[in-house]
Every structure is written in C-alpha cells, then in structure tokens.
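Each chain is listed here by its residues.
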Amino acid sequence: MNNLAHDLRYAVRALMRAPGFAAVAILTLALALGANTAIFSVVRGVLLQPLPFNQPEELVRVTGTTARWSEGPFSWPNYSDIRQQNRTLDALAGFTTTSSFLYEGTEPERIYGALATADLWTLAEVSPTIGRTFTPQEDVSGQALVVVISHELWQRRFGGDPKVIGKQVRLGAEPKTVVGVMPRGFRFPVQEQVVDFWMPLGQQIEEDGGGRGAIWIDLVGRLRDGVTIEQAQADLHTIAKRLEAEYPDTNTGLIFNVDSLHDVIVRGIRPALVVLMFAVGVVLLIGCANVANLLLARAAARHREISIRSAIGATRGRIITQLLVESVLLSLLAGAAGLLLAAWGVDLLVALAPAEIPRLDAIRIDGGVLYFTLILSVLTGIVFGLAPALSASKTNLVEALKEGSRGSTQGRRRNAMRNTLVVAEIALSVFLLVGAGLLLRSFLRISGVDPGYNFENAIVIDMTSRSAAFPETEQVVEHARRTQAALRSIPGVTSVGGANHLPLGNSENVFSFSIEGKPPYPPGESPNATFIPVTPDYFSTMGIPVLRGRGITAEDAPNAPLAVVVSDSFVRQFLPGEDPIGKRVNIGDGNGIRAIVGVVGDVRFISLIEPPKPTFYVAHAQNMTRRVQYVVRSPQAATLAPTLRATVRTIDPEQPILGIQTLAQMRAESLASRQFLLVLTIILASLAVVLAAVGIYSIMSYTVAQRTSEIGIRMSLGAEARDIFKLIVGHSLRLVILGLAIGVAVALVATRVMTSLLYGVTPSDPVTFASICLLIGGIAILASYVPASRATRVDPLVAIRYD
C-alpha cells in the first residue's frame, strides 16, 4: 500500500509537470469513455435490466402463428379456451391497447390505456397506491363501468386528490367510476405510449367477441413455480392441436407460441443496440491507441530518467507499476469527465429517441452504470498503458546515453510499436465507417422508396365522432360528409379525402376473404387483405392512381349495392390475367359480398420496406367507422392546423382531435428509429475518423522530428524537397494501405451481423467499401501533408547538428 500511495503521488506530480499532454490524453479518453457510458446506459436500461415486476422471469407473451400471420393476437373464444385448459400458467391475461378522451377541464385530453381482463392484476402482483383494482365480477358485460388510473394521470389531472376514488369521470362516451390509482411509474402491459388507465376488457365483449376468426386480443401470462417456457410451450401445443380438431375452419394450422415477455419487448431494438455497443467499443480502442502513442512519445522523452532509476536499483516491475499507475490515473480522470458527458448525453438520447424504442423510462445513470464506468476506466488505463510501460521499462543506462541515435534498437522498437498502433487505428476506423456507410446507403434507399401516394402538401386531421352526439350509423355517415365538405371549403384547399387508417400509421384491419367462382381454400388457409373504409375523393387526394374502373364515389351510398376497390397487388396475386371488374368477393367477419368496381395502385401501408399488401377499399358510407383520418391537400398544408381545428368544431363544438400532422411527418416518423441509429453511428464514426486523423498526424510529426538528422544528411547529399516529401508521405501511405487492407478484411466478416438493419444493400456492398477506403486514404494524406511539408523546410546545417 505504501508503494501504491507513493506511485500515486509521483503520478500526480508527473502529470502536473506535463499539463498539455495530460489535457489531450484526458480529453481523448473522456470522449470515448463518455460515449461508452451513455450507450451502456441505454443497453442496460433496455436490454439488461429485468422488467420492473415481481419475478419478471416468469412473465411470458403468448402469440399465435398461422400460414397467414406470425406472432399475432387471439380471438376471444381461443383465449378463453387456453385460459381454462392450460396447466402451466398461474394466470393468463387478455388485453388490447386503446385510447380515449378524458373530459376534465376545458379541453379534452387524449390518453392511452389498456382494456384488460382481471387476470392482469394477478400477473403484475402490484397493489394500487389508493383504492383497488377491478375484480373478475366487474370484468363482464353489463356491469357498472369502472376504471383504474395511473399515478401520473392522478397527479396531472386530479391534483393527487385521494377523493378521486369513487368519483365518476367522463372518459370516452360514458362516465366511469375511478376505483384505484396505481403506483408511480407502473406500466403494464409494456407498450410504446404511457399507460394512463385500465378498464375491464370483459365489459367490451358482446357474445363471442366477434367469433374465432376475429383476432384482436393480446395475451400475457405468468408461469407457475418451477415451470419452464419449454414446458409451457408443450402444454399450449397440446391445446392448439385439440382446438384445431374441434374448430378446423378457424384453427387449422394455428400454433401457440410462448416467449419471455422481456425478450419479446426488446427483440426489435436488440440488433441496433448491439451495433452501437460495438461502435463505441471501436471508438474507445481508437482512443486507447492514440493515448498509447502519446505515452510512447512521452516515454522516449523520459527514457534517461527511467534508465537512471533502473540503474540505482528500481526493478523493472516497479517501473512498470509506476507507469501503469500514471496511465490508470489518466484514465480515471478521463472517466470522471466522461461521466459528466454521459449524463448530458443520456438525457439527449432519451429526448431524441423515437417513441417506438421500448423501456425509455428505464434508461438512467445508476449504480450499475457507475461501476461499469469505473471498471472500464481502469481496464482502459491498463490497455493503453501496458505496451508503453513494457517498452519504456526495457532499458539500461548505456541505451539511454545513445537513445535517439540512428542505430538505437530501442528507438526502432518504439517506432514499430507506434506504426502498429496507427495501422490499428486505421483498420478500426475503416470497420466503423463501413458500418455507418452501409446504414447511410440503406437509409437513402428506404427514403427513395415510392410509397404509392403523394406525401407532399398534405395535412391529416385525425378524429373520432362522438357517440353521444352521433349515436346512429346514419348520423356518423352524415357527420363525415359534412366534415369533409367543411374542410374542402377552406380557402386554398384543393381536395379532401378520408380513411379509417392511413399508410404508415402503425395500424391496420386485416380480413380473410373468398372470391366467387374460385375453388374454396382449405380450412385455415384462406388468404387475407388489408381492409380500409374511405370517403369519396380519397384516391385523388392521396395521389393514388385509379388503374381500372373507378374509385369510391358519392354513389356508394348506404343503400347502394356493396362495392369494393382493390389494389393492383390483389389482382396480380388472386386474379392474374383476368378482368377484375365485376368480380365478387366475400369479405369475412360480416363485411359482405361486394362487387369489384375499380383497381388502384399499390401503397406501402405498414412500412416503406415491406412490399405492398393486397388491399380492399370500401365506402365509409357502406362500412361506417367513427374514426376518420381526413387528408387535406393544400399548398399551405403546413400552416393549416389551427384552421382545421376550428373548422371541425363548427360542426361539433366538443369534437376531440386525435392529432394533426402532415403526411410528410407521418412518413418521417416511420423512419425515425432507423434515422436515430444512423445519426448515432455517424457521430461515432466521425469521432473515430477525427481520432485516427490526429493519430496519423501525431505519429508523422514525431517521425519527422526523430528523423531530422537523417533528413538533413539526405538534403546535404543532394536530395530535393520533393524527395523528402515523398519519403514522409510514402511512409504514411504504407501504414494507411496496410490499415485499409486489415480494416476491409475485418469489415467483410463483421458487417454480416448488420443484415437485419440493411435495406437494398448487402453487407459487402462494393460502393460503400470503395468510398470508405477513398475517404480514409484522403484523410490520411491530409494528416501527413503538414508534417511532410515541414520536413521539406529543414535546414541541413541545423539538422546535422540536431540531437
């Protein structure tokens, strides 16, 4: 301990004697360590932290898979059968996410929540702050309407008043009685939006919940003590086979899957976070290489001092320990600075992160992150300090007296080590930049995808007609007609159309169907298509071309023959080589037999990277939905929001607005998570390039200084400035070419893990690799240019007397 304390005091004095060196080294490492700490905070919060519930490893997600969909929800009858027949789950809750308007105060507020069965509370094993949760007796149709609210909603809209229990609040069409308030931060089931209320799902079920063909209920369960996921999977497999035999029309081929709830939640974001952890690790390695180069240069300057200490009795082990204490001290100081940067960076990451990234509320700098930064700082200090310490300690007094001479073995050994570090920096930079380049090219490819509609100069107002004001179907249809006419009358508006769901809006309705005159499909193999009720002028407003026949018009009134417009992909897939006009399709779940009256162009509905799906478009007047998203096309679309809000409230003063945004914003939101990953990767890659350029510049500057005598002799013997320039730049290029070769080889292997994050480019895309090599090569030449130019201006007489 005395030796360690002595080494620490000596290290502090040594760093204070070289403040410039210490500042550069600390800044370099602080940037790298701060980036690692910030990204680790995200990885820990999202991937590594268990779900904030009792025994979270027992929580599972149950999904259904058929030939038509994968990992989908369930019908109410299938859920009921699984709940009653399983032998491996303590509880199985059904739920569906929803939103509603809370009418408390002057302005209704849209809040998100869940309709869930009473089993949810058995699963969560969390008691409310005040009041109670709803009971199984209340979880049936016809009972009094009750609601449990979140702690955050209780504070925000009710001022934390405990008298809220028993109070009737106007949530949606009918008043509900508040029976409980959940603890602060409680979110279950885990979803993108904050959950502010829970209501009994059973109260919304009429008869059989739409039948076994209506899939809309998500399931989450808790394993019984001692039961594994594999055992639960086997149990549900038996139930699936039993239900398939009993209900072949709907359950043929239906498979039940059991997965860890935590794994299901983070599955989509895991590849991106793994890529980011690799990226910041590469940045840290480049930072270590830079600081190791600085330490090598500093060790050369201290070589006489170290040799004398060795000569008077210091062992090599003591010298190595002393130098490692200095490097670890540097790294700890950089870690402290990096922690401050990370605290700011984490707040920025959470603020900028798209909403679809799960568990954002779990991201924070806590004790685990502090331990990570401490351990990483110590390891970093050892990593970048060990090689210079070993090199500096291998010396003696005789070597010290001739250090810097042309024949010095120690000098050549240090030069070789510095060159190796530069090559490593270049290789790591190539690897990181290739990854960023692939993500950039992929993003540009996605951004250039034609969505099938015109997203420019169009704004969307999303609204749901109130059942209290418009209780009958005819009133809802008339309300939609009047709203569309009022929006069209706004000055500058060229057209208006509406739909129940818009492209890239994260929601869709899918129904099975059959075509008259075609052989029936085997049980469980009926095809399905997206089903969208639209108003007249929808296609012209969206810029979706009508390829054959006509679109939906005002003629498609409630009492007119049922009509349907299909997408081009529907025709290609189900009616190839046939004239679709006049064909009749029977759309499932009571949507009727409809005649095809038109064919329109394909639209990428779910995402820009998924191919267009077969789609049905029906008249809103013939298939009423309360929710309509009106698309308003105008050159002034971006500024129309206040006018749109005021206009719809001339028809219904209490009309709640679900949201107003442009089609371009909806498209941008669909790319937000990819853009977020791209921006972070580019920032890290840019930092890596800067560090690598600084490393090349510093090593070439040091090389020029070391070879001053040699350069002077060469110039005295007749070498011209361009020869000296070629000598220095040639040395740099040899290092760069070797680094590029190694980096390309590593990237060709490593980038294969990014396949799931790419679109339209391969992990070995030659354009990306060639571009990155040219970029790194150009930067390396620029970094070598200044030292090489300086070498050409050496005075031979001065140089010969150098050292």
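Every chain is numbered on its own, with residues counted from 1 as its sequence reads. Per-residue local features of the predicted model are confined to residues with pLDDT of at least 70, and side-chain atom pairs are confined, for both listing and counting, to 80 or more; whole-chain, interface and lining totals are unaffected and use all residues. Excluding hydrogens and water, the side-chain figures rest on all heavy atoms present in the structure.

Peer 1: Residue-level account of the overall build of the protein chain, with values.
Peer 2: Within the protein chain, the regular secondary structure consists of 24 helices and 21 strands. Classification of residues uses two cut-offs on accessible area relative to the type maximum, computed with a 1.4 Å probe and protein chains only: under 20% is buried, over 50% is exposed, and between them is partly exposed. Considering the protein chain as a whole, with its 803 residues, one finds that 52% of them fall into the buried category. Should any heavy atoms of two residues lie within 4.5 Å, those residues are counted as being in contact. For the protein chain, the share of sequence-separated contacts (at least 6 apart) that also reach a separation of at least 24 residues comes to 81%. With residues, only the protein chains shown are counted as cover, and all accessible areas are computed by Shrake-Rupley using a 1.4 Å probe. A total of about 34,900 Å² of accessible surface is found on the protein chain, and carbon and sulfur atoms cover 60% of it. Strands are runs of DSSP state E lasting at least two residues, helices are runs of H or I lasting at least four, and both sets are numbered from the N terminus onward.

Peer 1: Describe in detail the side chain of Ser569, supporting the description with residues and values.
Peer 2: Tracing the chain through its elements places Ser569 in helix α17 (residues 568-574). By relative accessible area, Ser569 is classed as buried at 5%. Polar contact is defined as a pair of N or O atoms within 3.5 Å, subject to the rule that within protein one atom must be able to donate a hydrogen and the other to accept it, and that residues adjacent in sequence are counted only when both atoms are side-chain atoms. One polar contact links Ser569 to Ser567, side chain to side chain, over a distance of 3.1 Å. One polar contact links the side chain of Ser569 to the main-chain carbonyl oxygen of Lys613, over a distance of 3.3 Å. Every residue in contact with Ser569, bar those within four places of it in the chain, is listed here: Asp602, Pro612, Lys613 and Pro614.

Peer 1: Give me the side chain of Thr535: which residues, what numbers.
Peer 2: Within the secondary structure, Thr535 is located in the loop between β14 (528-534) and α16 (538-542). At 3.0 Å, the side chain of Thr535 and the side chain of Gln484 are in polar contact. Among the polar contacts listed, one links the side chain of Thr535 to the backbone nitrogen of Gly498, at a separation of 2.7 Å. When near neighbours in sequence (up to four residues on either side) are disregarded, Thr535 contacts Gln484, Gly497, Gly498, Ile552, His620 and Val628.

Peer 1: I'd like a rundown of the pattern of salt bridges, residues and numbers included.
Peer 2: Throughout this description, the term salt bridge denotes a Lys or Arg side-chain nitrogen within 4 Å of a carboxyl oxygen of Asp or Glu. Within the structure shown, the criterion is met by 27 salt bridges. Note that Glu109 is salt-bridged to Arg157, the shortest N-O span being 2.4 Å. Here the residue Glu109 occupies a position in strand β3 (residues 109-116), and Arg157 occupies one in helix α5 (residues 151-158), the gap between them amounting to 48 residues. A salt bridge links Arg466 to Glu654, with the nearest nitrogen and oxygen atoms 3.6 Å apart. Highlighted residues: Arg466 in the loop between β11 (458-464) and α15 (473-488) and Glu654 in the loop between α18 (641-648) and β21 (657-662), separated in sequence by 188 residues. When its relative accessible area of 14% is taken as the criterion, Arg466 is described as buried. By relative accessible area, Glu654 is classed as partly exposed at 38%. What emerges from the salt-bridge pattern is a single network uniting Glu109, Arg156, Arg157 and Asp196.

Peer 1: Any details on the packing of aromatic side chains? Residues and values, ideally.
Peer 2: Any pair of Phe, Tyr and Trp rings, taking the six-membered ring for Trp, is counted once the centres come within 6.5 Å. Such a pair is stacked with planes under 30 degrees apart, edge-to-face with planes over 60 apart, and tilted for the rest. Applying the stated criterion across every chain, the model contains 18 aromatic pairs. Between Phe186 and Trp198, the ring centres sit 5.4 Å apart and the planes meet at 50°, which makes this aromatic pair tilted. Residue Phe186 is located in the loop between β7 (174-181) and β8 (197-200), and its partner Trp198 is located in strand β8; the two are separated by twelve residues in the primary sequence. Phe186 gets classed as buried once you look at its relative accessible area, which sits at 6%. Think of it as a cone above the ring: NZ of Lys or CZ of Arg counts as a charge over the ring if it is within 6 Å of the ring centre and within 35 degrees of the ring normal. Directly above the aromatic system of Tyr247 lies the positively charged group of Arg212, at a separation of 3.6 Å from the ring centroid. Arg667 extends its terminal NZ or CZ atom over the ring of Phe455, reaching a point 4.4 Å from the ring centre.

Peer 1: Which residues make up the pairing of strand β16 (residues 563-567), and what are the values?
Peer 2: In terms of residue burial, β16 counts as a mostly covered element, since five of its five residues are buried. By the alternation rule, side chains of β16 split into Ala563, Val565 and Ser567 and Val564 and Val566, which are all buried. As defined by bridge partners, β16 adjoins strand β18 (residues 592-600) across five bridges and the pair is classed as parallel. Residue pairing in the sheet places Val565 in a bridge with Gly598 of β18. DSSP calls a pair of strands paired once it identifies at least 2 bridges connecting them. Pairing of β16 with strand β19 (residues 615-619) involves two bridges; the strand directions are antiparallel. Residue Val565 lies in a different strand from β19, and its bridge partner there is Tyr617.

Peer 1: Which residues make up empty space enclosed by the protein, and what values go with them?
Peer 2: Using a 1 Å grid laid over the protein atoms alone, points where a 1.4 Å probe fits but cannot get out form a cavity; open sets with protein on both sides within 12 Å along at least 5 of 7 lines form a pocket; any residue with an atom within 4 Å of a point counts as lining. Grid points are joined across faces, edges and corners, and a volume is the space filled by probe spheres set on the points. Across all of its chains, the model carries four cavities of 30 Å³ or more by this definition. In this structure, the second largest cavity occupies an estimated 60 Å³ of space. Throughout this entry, Asp, Glu, Lys and Arg are counted as charged residues, while Ala, Val, Leu, Ile, Met, Phe, Trp, Tyr, Cys and Pro are counted as nonpolar. The remaining residues, Gly among them, count as polar. Of the residues belonging to the lining of the second largest cavity, the class tally is five nonpolar, five polar and two charged.

Peer 1: Can you break down the nonpolar core residue by residue, with the values?
Peer 2: Note on soluble globular proteins: their nonpolar side chains tend to be buried together. To define a nonpolar core, start from buried Ala, Val, Leu, Ile, Met, Phe, Trp, Tyr and Cys residues and group those joined through side-chain atoms within 4.5 Å. Counting 144 residues, the largest nonpolar core has Phe188, Trp198, Leu502, Tyr538, Tyr617 and Leu663 as the members making the most contacts within it. Examining the composition of this core, we find that 16 residues originate from one element, helix α9 (residues 270-301), more than from any other. Formed by 36 residues, the second largest nonpolar core is a distinct cluster that contains Val147, Ile149, Leu153 and Leu171.

Peer 1: Report on the pairing of β19, specifying residues and quantitative values.
Peer 2: Taken across its five residues, β19 has five buried, putting it largely inside the fold. Alternating positions in β19 separate into two faces, Thr615, Tyr617 and Ala619 on one and Phe616 and Val618 on the other, with burial throughout. Sheet topology places β14 next to β19; five bridges connect them, and they run parallel. Among the inter-strand pairings, Phe531 is bridged to a residue of β19, identified as Phe616.

Peer 1: Could you give an account of the environment of Gln137, naming the residues involved and the relevant values?
Peer 2: Along the chain, Gln137 turns up in the loop between β4 (130-131) and β5 (146-149). Remark: the alpha-carbon pair of Gln137 and Pro200, spanning 63 residues in sequence, is separated by 9.9 Å.

Peer 1: Go over the environment of Tyr10 with me, naming the residues and quoting the values.
Peer 2: Along the chain, Tyr10 falls in helix α1 (residues 2-17). Judged by relative accessible area, which is 15%, Tyr10 ranks as buried. Distance in space between the C-alpha atoms of Tyr10 and Gln322 is 8.1 Å, their sequence separation being 312 residues.

Peer 1: Provide a residue-level description of α18, including the pertinent values.
Peer 2: Within the sequence span of α18, burial applies to Leu644, Thr647 and Val648. Seen from one end, α18 has its buried residues packed into an arc of 90°, which puts them on one side. To obtain the arc, one takes the directions from the helix axis to the C-beta atoms.

Peer 1: Kindly report on unusual backbone geometry, identifying the contributing residues and their values.
Peer 2: Despite not being glycine, Gln55 has its phi angle at roughly 45°, a positive value. Here Gln55 is to be found in the loop between α2 (19-48) and β1 (59-65). Despite not being glycine, Arg359 has its phi angle at roughly 60°, a positive value. Note that Arg359 resides in the loop between α11 (316-352) and α12 (367-393). You can call Arg359 buried: its relative accessible area is 8%.

Peer 1: So, the packing of α15 against α18: which residues are in play, and what are the values?
Peer 2: Running from N to C, α15 and α18 point in directions that differ by 140°, and their axes come no closer than 10 Å. Classified by the angle between their axes, α15 and α18 sit oblique to one another. The handedness of the crossing between α15 and α18 is right-handed. Touching Thr483, Ala486 and Leu487 of α15 are Leu644, Thr647 and Val648, all from α18. Taken together, the residues that form the contact of α15 with α18 break down as four nonpolar, two polar and no charged. Helix axes use the C-alpha atoms of the stretch in contact, all axes being lines fitted to C-alpha atoms, and the angles between their N-to-C directions lie in the range 0 to 180 degrees. For this classification, under 35 degrees means roughly parallel, over 145 means roughly antiparallel, 65 to 115 means roughly perpendicular, and everything else is oblique. Whether a crossing is left-handed or right-handed is set by the direction in which the near helix is turned from the far one by less than a right angle, anticlockwise for left-handed and clockwise for right-handed.

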